[in-house]
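The primary structure of each chain is shown beneath.
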Amino acid sequence: MTADGRFVIALACWILFVTAPASAQPSGRSEPVDNATCLGCHADASLAIKAADGAGISLHVSENALAGSVHAKHACVDCHKAMAEIPHPAMALASKRTLTVALNEQCRACHFANYTKTLDSVHQLAVARGDRMAPLCVDCHGAHDVKKPSTPRTLVSQTCAKCHEGVAAAYARSVHGQDVSKDNPDVPTCVDCHHAHDIAGPHKTEWELRLPDMCGRCHADAAKMKKYGLSTNVLRTYLADFHGKTASLRRDQGTPVSGAVVARCPDCHGVHDIQKTKDPQSHVIKANLLQTCRQCHPGATGNFPGAWLSHYEPGLHKAPLVYAVKVGYWLLIPFMIGGLGLQILLHLWRLSGIR
Amino acid sequence: MIERAPRVQSVTRFSTLERVEHGAVMTLFVVLALTGFPQKFYDHRWAQVLTGWLGGVDTARWFHRAAGLMFGALLAAHVLRLAVSVVRRTTTLSMVPTRRDVADAIQTINYYLGSGDAPRFDRFDYRQKFEYWGMLLGSAVVVGTGLALLFPIRTASWLPGQLIPAAYVAHSQEGLMAFLVVIVWHIYNAHLNPDVFPFDASIFTGEISAHRLEHEHAIEYERLAQGATGMPVQTPDNPYRRLSWPVQLVVAPIAGAVFAMLLPALGMGVVVKAAFDAMTGRRTRRGQGDSQDRQAVARTS
């Protein structure tokens, strides 16, 4: 579009503005502009400008999309504040992205908490690195057609899949992903684990340390697990084992982590491709378990996976040797300390002369 | 005999090597307990705080493993030293429990309960033998299981995998038991016992006063007094000395293990007996002998 063309549009907008009926103007606004005014020009599907890089930027706004969005009752100028001035002030746009980046700030005015959370996210790190394509609010939520982000729940992974295609495909085949497509409210979508706004980098320590609790939020929930016949012992048995103790102590010790990574839930069960443990594709089914152990213990041989009790509590039928040692010490320790303690008490009793 | 008592004020009881061994065990025990228990009790706040003070679980583990390897080396050196002395027949086997120790323990309990006198002891009394063997065998358990846990892949390459979680439980519980025995039995016998309060320093100085030796190890005291007068020193009576050395090497730890179990059993036995007495209507211990006789009479008639 030429400079002349832009001037014509701006002029048209200005004319629309000055002739708009006063009754449609919200009260208290210094420069009241109603949506009808804006749509007067922006409903035009061919309305567009050109960025400095030559790319066209459509300025068209679909009235239907706007009406169907959660912001239907808002005025255009609530977000596009600078556009309340008609004719619009000139903007120097290097690219279409420049406009998106500039408008992203507008979300903060209302959604302060979530906006602030995004500043801690891995996406913001990409922004800080200078990645112009790193996702901003509208890239996930949409712009004029912004809807409830998790209705239906499949929408979440579809949104993430716009960039994270491979991961989303693996998730879709996983035990969680298969059920989310049936709109099962129990299974996690991307944001249930990764969070929606303060998405931590998955290789960050804080993320790694909160993993067991993250899975435990559902897998230690008796009511939820009962529906699927799953044991809620998984978190407790993991935490009581070497891997889990290490993860817990690293989280709570209040010092930087210095040791090698320790296995957490997804290290064995898979990250996005988690399957039922009995599924032949599962990383933890017996046939695949040694291979899974070898990710961290490269020299492991056939007996090695037997060292892990598969989240079972030792008992007469499962790990009887471990159970025997456990019971043995339950008996031995009170016996030993009680037997010796009684002799000391008898000695003191004798010395005290009470008898 | 008493009028011929040696004029020396104190007697050397422990060699420098033995004192060093005790010092090393003591130090390593503290390090191992401090770095081990936060791992066992990982879900308690104090464990997390302590781990933080130690520089994190990974640092704590490094110290635990280093101290554990040193402890294992100390144990191996000690056992080797003793085995050599057994083979060369240069040890009197004075630490191996005998039937006499069982009798001494029972007599002591009876003495506590008010019948008879306290027994007289030789070089090591039954409490000390218990503690030594408990320590030695407990150390063997923690060192053995500790190595299995330090090298799980190697362990599982020739043993069933289930041994590793079993070793984990044994290591953790044996460590707890050792700690409790030290807190209860050793701290009592070496510190809180009114006979030695506040501190039996023999293992640090290597010396014991003639007065204490006479009081606590009367039989040894008499033997030493005999030697001081120029008379031939009696070899302490020990049935194990008659065995060949390979048999000694096998029997000594078995006797130690049996005795380590027997002593708490005697303590428990007192309770069981008191309960039994209460149930069968026997009231006083003083008339116990009579009532037993009466019962025996009743049974035969």
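Here, residues in each chain are numbered from 1, in the same order as that chain's written sequence. All chains are assigned letters beginning at A, and all ligands numbers beginning at 1, according to the order in which they are written. Local features in a predicted model are, by the rule used here, given only for residues with pLDDT of at least 70; side-chain atom pairs are given and counted only at 80 or more, and totals for whole chains, interfaces and linings are based on all residues.

### Structural notes on the overall build of chain A
Step number 1: What chain A contains, in helices and strands, is 19 helices and 2 strands.
Step number 2: Neighbour counting defines burial: a residue surrounded by 20 or more other C-beta atoms within 10 Å of its own C-beta is buried, one with 12 or fewer is exposed, and intermediate counts give partly exposed, using backbone-placed C-beta atoms. Going through the 355 residues of chain A one by one, you find that 23% of them count as buried.
Step number 3: For the purpose of contact definition, each residue receives a C-beta atom placed from its backbone, and two residues are in contact when these atoms lie within 7 Å. A separation of at least 24 residues holds for 52% of the contacts in chain A among residues at least 6 apart in sequence. Starting at the N terminus, helices and strands are each numbered in turn, a helix being any DSSP run of H or I of at least four residues and a strand any DSSP run of E of at least two.

### Examining the overall build of chain B
Step number 1: Helix and strand content of chain B: 12 helices and 2 strands.
Step number 2: Counted from the first residue to the last, chain B has its helices and strands arranged as β-α-α-α-α-α-α-α-α-β-α-α-α-α.
Step number 3: Counting contacts in chain B only where the partners sit at least 6 residues apart, residues at least 24 apart contribute 72% of the total.

### Some points on the interface of chain B and chain A
As a measure of interface size, the accessible area lost when the parts come together is often cited.
Step number 1: Tallying the contact residues gives 46 residues for chain B and 47 residues for chain A.
Step number 2: Contributions of two or more residues to the side of chain B that touches chain A are made by α2 (45-53), α3 (57-87), α4 (99-113), α6 (152-158), α7 (163-192) and α11 (245-279) of chain B.
Step number 3: By residue number, the principal contributor to the side of chain B that touches chain A is α7(B), which donates 14 residues.
Step number 4: Residue composition of the side of chain B that touches chain A, grouped by class: 31 nonpolar, 13 polar and 2 charged. Residues are grouped as follows: Ala, Val, Leu, Ile, Met, Phe, Trp, Tyr, Cys and Pro are nonpolar; Asp, Glu, Lys and Arg are charged; every other residue, Gly included, is polar.

### Description of the packing of helix α9 (residues 154-161) of chain A against helix α10 (residues 165-173) of chain A
All names here are of chain A.
Step number 1: Where helices are involved, their axes are fitted lines through C-alpha atoms of the stretch in contact, as for all axes, and angles between N-to-C directions lie from 0 to 180°. Running from N to C, α9 and α10 point in directions that differ by 150 degrees, and their axes come no closer than 8 Å. One element, α9, and the other, α10, form an angle in the roughly antiparallel class. Contacts from Ser157, Cys160 and Ala161 in α9 reach Glu165, Ala168, Tyr171 and Ala172 in α10.
Step number 2: Among the residues making up the contact of α9 with α10, the classes are represented as 5 nonpolar, 1 polar and 1 charged. Our angle categories are set so that under 35 degrees counts as roughly parallel, over 145 as roughly antiparallel, 65 to 115 as roughly perpendicular, and the remainder as oblique.

### A short note on the nonpolar core
Step number 1: We define the nonpolar core as any set of buried residues of the types Ala, Val, Leu, Ile, Met, Phe, Trp, Tyr and Cys, connected via C-beta atoms lying within 7 Å of each other. Judged by nonpolar contacts, the single largest core of 18 residues is most densely connected at B:Ile164, B:Ala166, B:Ala167 and B:Val169.
Step number 2: Counting only elements with at least two residues in this core, the list comes to α19 (320-352) of chain A together with α5 (126-150) and α7 of chain B.
Step number 3: Top element by residues in this core is α7(B). It accounts for 7 residues.
Step number 4: Bear in mind that the domain bounds are from an automatic or database domain assignment. Here this core spans two domains, and each of domain 2 (200-313) and domain 3 (319-355) of chain A adds at least three residues to it.
Step number 5: Grouped together as the second largest cluster of nonpolar side chains are 13 residues, B:Ala105, B:Tyr126, B:Phe130 and B:Ala255 included.

### Things to note about the packing of α19(A) against α11(B)
Step number 1: Interhelical geometry of α19(A) versus α11(B) gives an angle of 65 degrees and a closest axis separation of 7 Å. Relative to α11(B), the element α19(A) lies roughly perpendicular. Note that α19(A) runs across α11(B); the crossing there is left-handed. Contacts from A:Phe335, A:Met336, A:Gly338, A:Gly339, A:Leu340, A:Leu342, A:Gln343 and A:Leu346 of α19(A) reach α11(B) at B:Leu263, B:Pro264, B:Ala265, B:Leu266, B:Gly267, B:Met268, B:Val270 and B:Val271.
Step number 2: Of the residues that constitute the contact of α19(A) with α11(B), the class distribution is 12 nonpolar, 4 polar and no charged. For a crossing to be left-handed, the near helix must be turned anticlockwise from the far one by less than a right angle; the clockwise case is right-handed.

### Some remarks on the confidence of the model for chain A
Step number 1: Residue-level confidence of the predictor is summarised by pLDDT, bounded by 0 at the bottom and 100 at the top. Scored by pLDDT, chain A has a mean of 84; 88% of the residues are at 70 or more.
Step number 2: Note on residues 11-29 of chain A: pLDDT is under 50 here. Beyond four places in sequence and across chains, it has 23 contacts.

### Things to note about the environment of B:Ile183
Step number 1: Mapping B:Ile183 onto the fold places it in helix α7.
Step number 2: With 12 C-beta atoms counted inside 10 Å, the residue B:Ile183 sits in the exposed group.

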